[in-house]
Amino acid sequence: MSTTELPASHAELMDGVYRWQRHIYDLTRKYYLLGRDRLIDGLDVPQGGTVLELGCGTGRNIALAARRYPEARFFGLDISAEMLETANAAIAREGLSGKVSLARGDATDFDAKALFGIERFDRVFVSYSLSMIPGWEKTVSAALAALAPGGSLHVVDFGQQEGLPRWFRALLRGWLRKFHVAPRASLRDVLESESQRTGATFRFRTLYRGYAWLAVIKIAY
C-alpha cells in the first residue's frame, strides 16, 4: 500500500494524537508499556537476519533491537508521519541509519517489497500497537505472511489485567481511552487461531498478573 493510499482517518488521528506526545512519549511510556525489553531479548535474531517492526512509533524499540543484534538488518513501519519524524531523528542520532530503514505504511495491509525491497523477514514484532490499530486482526495475518520460513512473530501488548484489582483495571482502561488504546480481549484467541491455521507453534505468557501479554508464533521451515 502506498503512502497516498493510507487510510486517511486513522493516519490523521494518529498524527493528531502524537503531534506533541511524540516528544515525551518514551519518557512517559516506559512506566507502563511493560514487557518490551523482554520481547527484544527473546527475538534471538539469526546472524545476518532481517527484522521488521510493525507500528515502530518513535523508534525506541527498533533502536534497542538494532544495538542488541548488531549483525541484523532492521525495518520499521508506522502509519503516523509525526512518529516517523521522531523515529528517523532517533535512528540518525544513534548512528543506526545504515542498518535501520523506516517507511510509512498501514500495518494491516502493506507491501514490504515496495516499501523496503524485501518480501520476507526472519523476525516480525509488534509492541503495544495492536491495541491501537482498527482491524488489528489483519495485522496479525499480514505479519505472518511477511515471515520467511522458520521465522517468528513476537507480540507484546496490554492483557486483560486479570490478576489485578478491578479498580486498577478501570483506571487503566479510562487512561488508555484518552489515547485511543483498547486492550484486545480476544488477542490470545486470535494469535492461537492463526498459529493453528498456519501450522505454526504458539507460545503465550502473561506478565505482571495479566497487565501485559507476550506471545510468539514460530512458523515451520
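For the structure itself, consult the block above.
Here is what the cut-offs are and how they apply
- Residues numbered from 1 in each chain as written.
- Predicted model: local features only at pLDDT ≥ 70, side-chain atom pairs only at ≥ 80, totals over all residues.
- Heavy atoms only, no water.
- Core = buried A, V, L, I, M, F, W, Y, C linked by side-chain atoms within 4.5 Å.
- Buried < 20%, exposed > 50% of the residue type's maximum accessible area, 1.4 Å probe, protein only.
- Helix = DSSP H or I, 4+ residues; strand = E, 2+ residues; numbered from the N terminus.
- Contact = heavy atoms within 4.5 Å.
- Pairing = 2+ DSSP bridges.
- Phe/Tyr/Trp six-rings, centres within 6.5 Å; stacked < 30°, edge-to-face > 60°.
- Axes fitted to C-alpha atoms, helices over the stretch in contact; angles between N-to-C directions.
- Left-handed = near helix turned anticlockwise from the far one by under 90°.
- Nonpolar A, V, L, I, M, F, W, Y, C, P; charged D, E, K, R; others polar.
- Polar contact = N/O pair within 3.5 Å; in protein donor to acceptor, adjacent residues only side chain to side chain.
- Salt bridge = Lys/Arg side-chain N within 4 Å of Asp/Glu carboxyl O.

Undergrad: I'd like to hear about the nonpolar core, residue by residue, with values.
TA: Within soluble globular proteins, side chains that are nonpolar tend to cluster in buried spots. F74, V100, L102 and F158 are the most contacted members of the largest nonpolar core, which totals 34 residues. Those elements that provide at least two residues to this core are helix 3 (36-41), helix 4 (60-68), helix 5 (81-93), strand 3 (100-104), strand 5 (147-158), helix 8 (166-177) and strand 7 (212-218). Top contributing element to this core by residue count: helix 4, with four residues. Leaving out residues up to four positions away in the same chain, F74 has contacts with V51, I62, A65, A66, Y69, K99, V100 and S101. Counting 33 residues, the second-largest nonpolar core is a separate cluster that includes F75, V124, I133 and A200.

Undergrad: Go over the pairing of strand 7 with me, naming the residues and quoting the values.
TA: With respect to burial, strand 7 is a largely interior element, six of its seven residues being buried. Inspection of the sheet shows strand 5 paired to strand 7 by seven bridges, in the antiparallel sense. Among the inter-strand pairings, H154 is bridged to a residue of strand 7, identified as V216. Where strand 6 (residues 201-207) meets strand 7, seven bridges bridge the pair, whose relative direction is antiparallel. Among the inter-strand pairings, R205 is bridged to a residue of strand 7, identified as L214. Where strand 6 hands over to strand 7, the hairpin turn is made up of four residues, of which Y208 adopts a positive phi near 55 degrees.

Undergrad: So, the packing of aromatic side chains: which residues are in play, and what are the values?
TA: In the structure shown here, the tally under the stated rule is nine aromatic pairs. Ring pairing ties together the aromatic residues Y128, F158, W167, F168 and Y211, which thus form one cluster.

Undergrad: Which residues make up the packing of helix 7 (residues 136-145) against helix 9 (residues 187-198), and what are the values?
TA: In helix packing, the relevant descriptors are the interaxial angle and the interaxial distance, both defined with respect to the helix axes. Packing of helix 7 against helix 9 brings their axes to within 11 Å, and their N-to-C directions diverge by 35 degrees. Like other packed secondary-structure pairs, helix 7 and helix 9 cross with a definite hand, here right-handed. Across the interface between the two elements, W136, E137, V140, S141 and L144 of helix 7 pack against L187, V190, L191, E194, R197 and T198 of helix 9. Looking at the contact of helix 7 with helix 9, its residues break down into six nonpolar, two polar and three charged.

Undergrad: I'd like a description of the sheet that holds strand 6, backed by residues and values.
TA: Think of a sheet as strands paired side by side through backbone hydrogen bonds, with each pair either parallel or antiparallel. The mixed open sheet is built from seven strands, whose spatial order is 3-2-1-4-5-7-6. The sheet is open, and its two borders are formed by strand 3 and strand 6, each paired with just one other strand. Each neighbouring strand pair of the sheet contributes to a mean axis angle of 15 degrees, computed without reference to strand direction. Lying over the sheet, helix 5 contacts strand 2 (73-78) and strand 3, oriented at roughly 170 degrees with respect to strand 3.

Undergrad: Describe the side chain of R36, with residues and values.
TA: Relative to the helices and strands, R36 resides in helix 3. A polar side-chain atom of R36 sits 3.1 Å from the main-chain carbonyl oxygen of L33.

Undergrad: Lay out the pattern of salt bridges with the relevant residues and their values.
TA: This structure, assessed with the given rule, holds four salt bridges. For the salt bridge of R60 with D37, the shortest nitrogen-to-oxygen distance reads 2.9 Å. Within this pair, whereas R60 is found in helix 4, its partner D37 is found in helix 3, the two being separated by 23 residues in sequence. Looking at D37, the relative accessible area reads 39%, which means it is partly exposed.

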